[in-house]
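Commentary on secondary and tertiary structure
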Amino acid sequence: MDTEALRSFVRAAELGQLQYAADELGVTQQAVSKRIAALERELEVRLFTRTARGVELTLDGQAFLPHARSAVAGVDRAVAAVRPGSRAPRIDVLGFRSAQAVVLHEYWRSRPGTDLDLVTLRVDDPRAAGAAIEAGDVDASFRTVTDPAALPPGVRMVRAFDSPLELLVGPRHPLASARKLTPSQLRGHRIWVPGIAPRSEWGEFYDQLATGFDLRIDAAGPHFGDQVLLDTLADSADVATLVGARDRYLWPTSHDLRRIPIADPTLAYPLSLMLPRSGPHPELRGITAYLAGLPRLPGTVWLPSWARTRLTQAD
């Protein structure tokens, strides 16, 4: 059924004049008459009778009006739901306690009234996240395709921020009393990072980190969630893990876990934001500007090879 015919019928019924309806809809009176006539033929009923004052609804028109009004309102709501800027941007983050989510929360707090829709795509390969952007499933994703040539053609990538790493250990670990560590002090210690997935950007990151500093990165076993990892650290005298300085972790006070900064150089995980090359959600302009304004990490910083080029091919 022609939506504009329904709209013309509703406005003519509410205003009582075809000309008034035409003026409001920005068309001629003849166009409104033709739309209503076509609607009457489709329904096989008369909707209006003409009077000296204009038009009046027939009994069939009175019965049809509330349903037509509801249909037009539904169409208007559907169009508004996908109009640029009318809905919250849907942004993929690695986790709701991750550094990406923390930074987006800070952005949201700095802009009262902003609405964001955070989701977590269940994919390890960042190219799958890029495909989700091209398909319109999400508006942006905090993922990095480390080879710019493999970036989907409809997607671009901008540098978001660098997340410094900290060592997380239990109270019986040999490094637990340190206030700050250098990468060389981590050598020989078991750094357990379960759930490193093949083809993931973090898999490549930890490979380069282990090679660059001769570290023992252990990815053995499935990842049963953060709580199991934290429980293991609390009970162990030799297991440690690496976490982002902005990542949020919660544990019972009895665990007495320690977060220890790493410096000289600072080990940093580079985060990027992927978004469409054309027609991005309007709110993404504010988000990318906010990310660009975040302070750089001080001192000497180690980054994986793909980030040392500053992603110039993808920006």
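Here is what the cut-offs are and how they apply
Residues numbered from 1 in each chain as written. Predicted model: local features only at pLDDT ≥ 70, side-chain atom pairs only at ≥ 80, totals over all residues. Heavy atoms only, no water. Pairing = 2+ DSSP bridges. Helix = DSSP H or I, 4+ residues; strand = E, 2+ residues; numbered from the N terminus. Buried < 20%, exposed > 50% of the residue type's maximum accessible area, 1.4 Å probe, protein only. Polar contact = N/O pair within 3.5 Å; in protein donor to acceptor, adjacent residues only side chain to side chain. Contact = heavy atoms within 4.5 Å. Salt bridge = Lys/Arg side-chain N within 4 Å of Asp/Glu carboxyl O. Axes fitted to C-alpha atoms, helices over the stretch in contact; angles between N-to-C directions. Parallel < 35°, antiparallel > 145°, perpendicular 65-115°, else oblique. Nonpolar A, V, L, I, M, F, W, Y, C, P; charged D, E, K, R; others polar. Arc of directions from axis to C-beta.

Right, let's talk about the pairing of strand β2 (residues 54-57) for a bit. Along a regular strand, successive side chains alternate from one face of the sheet to the other. Note: strand β1 (residues 48-51) against β2, 4 bridges, orientation antiparallel. Residue pairing for β2: T51 is matched across the bridge by G54. Here β1 hands over to β2 after 2 residues, the two strands then running antiparallel side by side.

Looking at where T241 falls in the secondary structure, it is placed in strand β9 (residues 239-244). Assessed through its relative accessible area of 3%, T241 is described here as buried. Separated by 2.7 Å, the side chain of T241 and the backbone oxygen of W192 make a polar contact. With residues up to four places along the chain from it excluded, the contact list for T241 reads E166, L167, L168, I191, W192, V193, L229 and L233.

Under the criterion given, the structure shown has 14 salt bridges. Among the ionic pairs, E14 bridges to R11, the shortest N-O distance being 2.0 Å. Here E14 pairs with R11, and both are found in helix α1 (residues 3-15), just 3 residues apart, close to one helical turn. Since its relative accessible area comes to 36%, E14 is described here as partly exposed.

For the pair α1 and helix α3 (residues 29-43), the least separation of the axes is 9 Å and the interaxial angle reads 105°. In terms of their interaxial angle, α1 and α3 are classed as roughly perpendicular. Here α1 contributes E4, A5, L6, S8, F9 and A12 to the contact with α3, which in turn contributes V32, R35, I36 and L39. A per-class count over the contact of α1 with α3 returns 7 nonpolar, 1 polar and 2 charged.

A few words on helix α8 (residues 226-235). When α8 is considered as a whole, its buried residues turn out to be L229, L230, L233 and A234. In an axial view of α8, the angular spread of the buried residues amounts to 135°, which keeps them on one side of the axis. Taken together, the buried residues of α8 touch β6 (155-169), β7 (190-192) and β9.

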